[in-house]
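# Analysis of the macromolecular model
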Amino acid sequence: MHLPTREQSGVLIVSVSGRIDHIASEEFTKALDPLLANCVPGQPPLLLDFSGVEYISSAGLRVLMIASRRAKGQRGVFAIAALQPLVQEVFAISRFNLIMPCYVSLDAACKVLGA
Amino acid sequence: MKRLPGTALLRAGRGLALPILLLLSAALALENIEATPLASLRNAQFDRYQRQMPRQRDNEPVIVVGIDSQSLSAHGQWPWSRELLAELTKKILAGQPLALGIDIVFAEPDRYSPGILGEKLAGLPRNILAKLPEPDNVFAEALGDGPTVLAVVGLANPLPGSRPPHKPLALLAGGDLARQPIARFPSAVVSRPMLEKAASGEGFINASPDALRSSSERGVLRRVPTLAFIDQQPFLPLSLEMLRLALGSEGQTVPEFGRHGMSGLRIGDYRLPTQGNGDLLIHYGKASSHYYLSAADVLAGVHAPEIFRSRFVILGFNSTGLQDSIVTPLGEIVPGVDIHVQVIESMLSGAALQRPYWLPRLELAALLLGGLLLIVAVPALRPRLAVLSYSGLATLLIGGGYLAFYSGQWLFDGPSLSLLLSPVFVSLLGSTLIEADAKRRQAERELQDSREAAARTAGELDAARRIQMGLLPDPQALFAEENRFAVAALLEPALAVGGDYYDCFMLDEDRLCVVIGDVSGKGIPASLFMAISKTLTGTLTRLESDLGQAIRDVERELNRENPEYLFVTAFVAVLDAASGQLNFVCAGHDAPLLVRRGTISKVATQTHGGPPLCATDSYPYRADQMQLEPGDLLCLFTDGVTEASDGQSLFGGERLAAALLRHREKAPPDLLAALRDDVRDFEAGHPAADDLTLLMLNYCGQPAKTAKNGAL
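What counts and what doesn't
Residues numbered from 1 in each chain as written. Chains lettered and ligands numbered in written order. Predicted model: local features only at pLDDT ≥ 70, side-chain atom pairs only at ≥ 80, totals over all residues. Helix = DSSP H or I, 4+ residues; strand = E, 2+ residues; numbered from the N terminus. Buried ≥ 20, exposed ≤ 12 C-beta atoms within 10 Å, placed from the backbone. Contact = placed C-beta atoms within 7 Å. Expected span 1.5 Å × (residues − 1). Pairing = 2+ DSSP bridges. Axes fitted to C-alpha atoms, helices over the stretch in contact; angles between N-to-C directions. Nonpolar A, V, L, I, M, F, W, Y, C, P; charged D, E, K, R; others polar. Parallel < 35°, antiparallel > 145°, perpendicular 65-115°, else oblique. Left-handed = near helix turned anticlockwise from the far one by under 90°. Core = buried A, V, L, I, M, F, W, Y, C linked by C-beta atoms within 7 Å. Arc of directions from axis to C-beta. pLDDT = per-residue confidence, 0-100.

When its secondary structure is counted, chain A shows four helices and five strands. For chain A, the α and β elements follow one another from N to C terminus as β-β-α-β-α-β-α-β-α. The proportion of buried residues among the 115 residues of chain A is 39%. The long-range share in chain A, meaning contacts at least 24 apart out of those at least 6 apart in sequence, stands at 80%.

The next point concerns the overall build of chain B. Scanning chain B from N- to C-terminus turns up 20 helices and 27 strands. Looking at the 712 residues of chain B, the share that counts as buried comes to 40%. Contacts in chain B between residues far apart in sequence, at least 24 positions, make up 76% of those at least 6 positions apart.

Looking now at helix α4 (residues 82–94) of chain B. Helical geometry note: an α-helix holds 3.6 residues per turn, so side chains three or four residues apart project in the same direction. Residue and element names in this part refer to chain B. The end-to-end C-alpha separation of α4 is 18 Å, in line with the 18 Å expected for 13 residues at 1.5 Å each. Buried within α4 we find R82, L84, L85, A86, L88, T89, I92 and L93. Summarising the contacts, the buried residues of α4 are in contact with β1 (62–67), α3 (69–75), β2 (99–102), α7 (135–143), α10 (295–300) and β15 (312–317).

What follows concerns the sheet that holds strand β18 (residues 485–492) of chain B. Residue and element names in this part refer to chain B. As summarised here, the arrangement of the five strands in space is β18-β27-β26-β23-β24, forming an open sheet in which the pairing is antiparallel. Strand pairing shows two members of the sheet lacking a second neighbour, β18 and β24 (599–602), which therefore form its edges. Pairwise comparison of adjacent strand axes, ignoring direction, gives a mean angle of 15 degrees for this sheet. Sheet strands in contact with helix α19 (residues 652–662) are β23 (593–596), β24 and β26 (633–637), and its direction is about 30 degrees off that of β23. Docked against the sheet, helix α20 (residues 668–683) engages β18 and β27 (692–699), running at close to 150 degrees with respect to β27.

What follows concerns the interface of chain A and chain B. Across the contact, 15 residues belong to chain A and 18 residues belong to chain B. At the level of elements, α2 (58–74) and α3 (85–94) of chain A are the ones that each hand at least two residues to the side of chain A that touches chain B. Element by element, the count of residues in the side of chain A that touches chain B is highest for α2(A), at seven residues. Residues belonging to the side of chain A that touches chain B are distributed by class as follows: eight nonpolar, three polar and four charged.

Another aspect to go through is the packing of helix α12 (residues 358–377) of chain B against helix α14 (residues 414–470) of chain B. All names here are of chain B. Between α12 and α14, the least distance of the axes is 10 Å, while the angle of their chain directions is 20 degrees. Relative to α14, the element α12 lies roughly parallel. The handedness of the crossing between α12 and α14 comes out as right-handed. Each of E363, A366, L367, G370, G371, L374 and I375 in α12 lies in contact with α14, whose residues at this interface are L417, L420, L421, V424, F425 and L428. Across the contact of α12 with α14, the residue classes break down as ten nonpolar, two polar and one charged.

Residue and element names in this part refer to chain B. Residues V487, V514 and L575 are the most contacted members of the largest nonpolar core, which totals 105 residues. Among residues more than four places away in sequence, those in contact with V514 are V487, C504, A573, L636, L695 and L697. L85, L150, A207 and A296 belong to the second largest nonpolar core, which has 78 residues in total.

Turning our attention to the sheet that holds strand β4 (residues 183–185) of chain B. Residues and elements named next belong to chain B. Strands sit in the order β4-β8-β9 across an open sheet of three strands; the sheet is mixed. At either margin of the open sheet sits one strand with a lone partner, and together these are β4 and β9 (233–235). This sheet shows a mean twist of 30 degrees between the axes of neighbouring strands, independent of strand direction. As defined by bridge partners, strand β8 (residues 228–230) adjoins β9 across three bridges and the pair is classed as antiparallel. By the bridge assignment for β9, F229 is matched with P234.

We now examine the pairing of strand β3 (residues 148–155) of chain B. Residue and element names in this part refer to chain B. With six of its eight residues buried, β3 lies for the most part within the structure. Here three bridges tie β2 to β3, and the two strands are oriented parallel to one another. Following the sheet pairing, L100 is matched in β3 by T148. Across four bridges, β3 lies against strand β6 (residues 201–204) in parallel orientation. Following the sheet pairing, A151 is matched in β6 by G203. When β3 meets strand β5 (residues 187–189), the two strands line up antiparallel, connected through three bridges. Paired with L155 across the strands is S187, a residue of β5.

All names here are of chain B. Residue W78 is joined to P79 through a cis peptide bond whose omega torsion reads 0 degrees. On the secondary structure map, P79 appears in the loop between α3 and α4. Even without a glycine there, the phi angle at Q96 is positive, about 55 degrees. Tracing the backbone through its elements, the reader meets Q96 in the loop between α4 and β2.

Further remarks concern the environment of G598(B). All names here are of chain B. Locating G598 in the fold gives a position in the loop between β23 and β24. C-beta crowding within 10 Å serves as the criterion here: with 9 such atoms nearby, G598 is assigned to the exposed category. Along the sequence, G598 and L633 sit 35 residues apart, while their C-alpha atoms lie 9.9 Å from each other.

What follows concerns α20(B). Residues and elements named next belong to chain B. Between its first and last C-alpha, α20 extends 23 Å over 16 residues, near the 22 Å set by a 1.5 Å rise per residue. Of all the positions in α20, only P668, L671, L675, D678 and V679 are classed as buried. Here the buried residues of α20 occupy an arc of 95 degrees about the axis, which is enough to place them on one side. Those residues of α20 that are exposed and angled more than 90 degrees off the buried face are D670, D677 and D681.

All names here are of chain B. Averaged over all residues, the pLDDT of chain B is 86; the fraction at 70 or higher stands at 93%. Scored below 50 in pLDDT, residues 1–6 makes one contact in the model with residues more than four places away or belonging to other chains. Taken together, the stretch residues 705–712 has pLDDT below 50 and engages in 16 contacts with residues farther than four places along the chain or on a different chain. Here the prediction assigns the complex a pTM of 0.57, and the interface score ipTM is 0.87.

The subject of this paragraph is the environment of G66(B). Residues and elements named next belong to chain B. With respect to the secondary-structure elements, G66 resides in strand β1. On a C-alpha basis, the gap between G66 and I314 in space is 8.2 Å, while along the polypeptide they are 248 residues apart. For G66, the contacting residues outside a window of four places in its chain are Y292, L293, S294, A295, G316, F317 and N318.

This is the structure we're talking about:
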């Protein structure tokens, strides 16, 4: 899985796209790994742009959960933004908004994280 | 395993290095074939051509008068008296032959000469003896009566008594002639001067001065010189000198030279092709005894003199004790004198074996071309075809050799070429076979690996499935006697994923606990996690009356050892069957649907609902309450239902709600089956990605009342 990154107002934005089902979740884990290694204090906060994600399964959620735990363990900042309605619903049902910071849009996220 | 194109080229190159090296070695061996055992093979093949296609001997232009055993017994031991030889010569010349060649050198005086006899026998009167005719003069007189040729033997080193012959060939002495690679002798053994003077010509009888230099030749005589220099003067061999004499003034002798030495010898209208050094490669005819006459018979006048008319006659030895035997390429043993016969016949018919300077080059070109063909073709062909290609090439080379001999007596060495190409072919075939074998092994290994992996996965999934299915209770058996509520449940596992579960049990007389859960992940880890979750939920809800606290305890216990970071979404509810009071906790799970008096709604989980169990370290889960009315139907489900896909869209909550409404009148087990069928119909053959789990709870109220849906 290719994860294009760009930096905007001091935030490292990672564009995620496609369906994150059981099969894609393994690649998603691998692609996310080097980015998470840099998610430490002193480095820019890591923000996942989910505007291109159409679907996420429980395996995909698990990847996010593990990533979130790791970032927390390193005291890095890890967040997610711009969920599509279907993914938003999954997040709502599973209450993943309680596990990691979720923002409506990239701008909203950058305003908070970039400060 | 993928390989870079460069690596493949390198591999191919490595496979070709050995064949190319072998081909170059083969070319080197061909260039120096005389130093290799192949020389024997080559000679054997050239001899085989002759044996299978000998020169035809249609007529017999030569007669050999042989001094044989019969002659020796009739006229005494050799050497005979020169007078006897003079008589023999006269008898032959009387028949007017084309020429008479004498294959004998008379270097010493006749031992019967009166002078010698007088010295040896002291009693004889010397003055009388001196008046007797000298036998050599008598013989010389006889020789002068016709076209006669005496033999000379060229010597590589001068011997006592040796001297150059008197009658050299009249050639146009060109400046070039001295530089040509023609056989040269500093001196010779020749007959006595009066005999030389009397004879018409002299010819050498050296057969191939360099023929026996290697043991592999085994004394086979394949070549004779057609021109030689003795003390700087040119001479013909005895046979050709006879021919030249027979032609008289028309017998102009012209050796032909090209850039690669001598190419042929012309005498009058006759011509023989030669090797660069003037050697003739004799194309032998089969040996015959027809033209051999006994000297004794000739002396006795048995044959009429006319038998010699217009024929060449050679006087030579044909006796077991005297003759020099020659082995011919045809495998026959003939008297040395027979070579002169073969040469005369060859000259008359222009027959000679041909191996000009360019033939070895042609062979080298054929070798390199054939080798390159193999190098290109063999790796590209299947082994069977590769073998055929080599066999075809060898057949072409050997067959070509026979065809060349048949059409013009060209000596082309097909077998050596085939043999020299065989190491190239074997190494190519070897690497092709090794490559094929390696590929086959690789394919087998990969097949085996994939089988093992499939078996492992199947075994693991099977184990996971059995753990999962073995833990599920059968609600209809459990609550067969119950009339306050009805429970039905269904779990259909997907092929690859196993992590769903449900549970239903009585906490006490009145309180029913129902659970539905979905573990993230798959395989054994998910199954075990599910088993632990189910057991902990069952135990802790019994111990702890506060459902929220019970679930917090469950999460704490699960989190103690969770190396895989699995989590589980769950909906846990406790129904007080007496009051209809429902306590529930939702941990990241889909809100169940409630069918009440024909309308459908979601159970309100938003208030206290939390994330999935183990998604965080310790979430403060709290229980919600709601009141069920008799006839209420609660539908618990997992995402295997709502996320069932037909390849384009998902089944979704709305389709589920609609289906539930449509089938709500049915008894829970039938209702479950109908919902399941709706989902499967929607999927239309697409394989399920996740387990499909449904649990129906129908609250009937107090036993006094009869609920229309409660009949079980």
